[in-house]
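Fold and geometry: a report
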Amino acid sequence: MLVQKVSRTGRCIRILAIFTLTFSLFAAMPLNAKALDAQGSDMARVASGPKDGGYWIRGYKWAWPLEQVVSEYKNYTKRSHGSVVNGNGTYNSGGWTKSKNRFSRATANWTPWGTNKAYYDSTK
């Protein structure tokens, strides 16, 4: 009986430590962080709009449990390709779309350090 009580107490302490650490990590993240788009200009959260004959959504968004760098690009007349790279240098490709007017979606975990960038490309 004593062993079960000690074991249960140990589990409770570990769970409490995990919640405390998780909360302190999220509390330490800056709330007004900004991402950079492919041209190097500041942007807050997600930006979208026409880009070189297509439509581009880029920036960063909340996706449980982390924020993600996002690039979604579609060209109206050509195949398209969206890709991202985060501050750790992790590259993710949305792949080339098989036809025009379809989104190529790429995401990577956002980092508070380094350069988080979204890219796009189109071809015939």
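Residues numbered from 1 in each chain as written. Predicted model: local features only at pLDDT ≥ 70, side-chain atom pairs only at ≥ 80, totals over all residues. Heavy atoms only, no water.

A closer look at the overall build of the protein
Of regular secondary structure, the protein possesses one helix and nine strands. Scanning the protein from its N terminus toward the C terminus, one meets helices and strands in the order α-β-β-β-β-β-β-β-β-β. Long-range contacts, defined here as pairs at least 24 residues apart, represent 46% of the contacts in the protein between residues at least 6 apart. In the form shown here, the protein has an accessible surface area of approximately 8300 Å², with 59% of it arising from carbon and sulfur atoms. (Helix = DSSP H or I, 4+ residues; strand = E, 2+ residues; numbered from the N terminus. Contact = heavy atoms within 4.5 Å. Areas by Shrake-Rupley, 256 points an atom, 1.4 Å probe, with all protein chains shown as cover.)

Considering the packing of aromatic side chains
The final tally for this structure, using the stated rule, is three aromatic pairs. Ring geometry for W56 versus Y120: centroids 4.6 Å apart, planes at 55°, classification tilted. One end of the pair, W56, is in strand β4 (residues 54-63); the other, Y120, is in strand β9 (residues 117-123), with 64 residues separating them in the sequence. On the basis of relative accessible area, W56 is assigned to the buried category, the value being 0%. Where Y60 meets W110, the ring centres are 5.2 Å apart and the plane angle is 15°; that geometry is what we call stacked. Of this pair, Y60 sits in strand β4 while W110 sits in the loop between β8 (104-109) and β9, and the two are 50 residues apart along the sequence. Here Y60 matches W110 in class, with each residue buried. Among the aromatic residues, those joined into a ring-pair cluster are W56, Y73 and Y120. (Phe/Tyr/Trp six-rings, centres within 6.5 Å; stacked < 30°, edge-to-face > 60°. Buried < 20%, exposed > 50% of the residue type's maximum accessible area, 1.4 Å probe, protein only.)

Quick word on the pairing of β4
Each regular strand shows side chains that alternate between the opposite faces of the sheet. Extensive coverage of β4 is indicated by the burial of seven of its 10 residues. Between strand β3 (residues 46-51) and β4, which follow one another and run antiparallel, lie two residues, and D52 among them has a positive phi close to 45°. As paired strands, β4 and strand β5 (residues 66-75) are joined by 10 bridges and run antiparallel to one another. Looking at β5, one finds that K61 is bridged to Q68. (Pairing = 2+ DSSP bridges.)

Looking at the sheet that holds β4
Whether parallel or antiparallel, the strands of a sheet pair through hydrogen bonds between backbone atoms. Here we have four strands laid out as an open sheet, ordered β3-β4-β5-β8, and antiparallel in their pairing. In the strand order of this sheet, the two ends are held by β3 and β8, each with one partner. On average, adjacent strands in this sheet sit at an angle of 15° to one another, irrespective of strand direction. (Axes fitted to C-alpha atoms, helices over the stretch in contact; angles between N-to-C directions.)

As for the pattern of salt bridges
Following the criterion strictly, the structure yields one salt bridge and no others. Salt-bridge contacts for R105 lead to E72; the nearest nitrogen and oxygen are separated by 3.6 Å. Within this pair, whereas R105 is found in strand β8, its partner E72 is found in strand β5, the two being separated by 33 residues in sequence. (Salt bridge = Lys/Arg side-chain N within 4 Å of Asp/Glu carboxyl O.)

Regarding unusual backbone geometry
Across the chain, the bulk of peptide bonds are trans and the bulk of non-glycine residues have phi less than zero. With a phi close to 45°, D52 is a non-glycine residue in the positive phi region. If you trace the backbone, D52 turns up in the loop between β3 and β4. The exposure class assigned to D52 is exposed, which follows from its relative accessible area of 54%. Positioned with a positive phi, N101 is a non-glycine residue whose angle comes to about 60°. Relative accessible area serves as the criterion here: at 42%, N101 is assigned to the partly exposed category.

On their own, these measurements won't tell you what the molecule is for.
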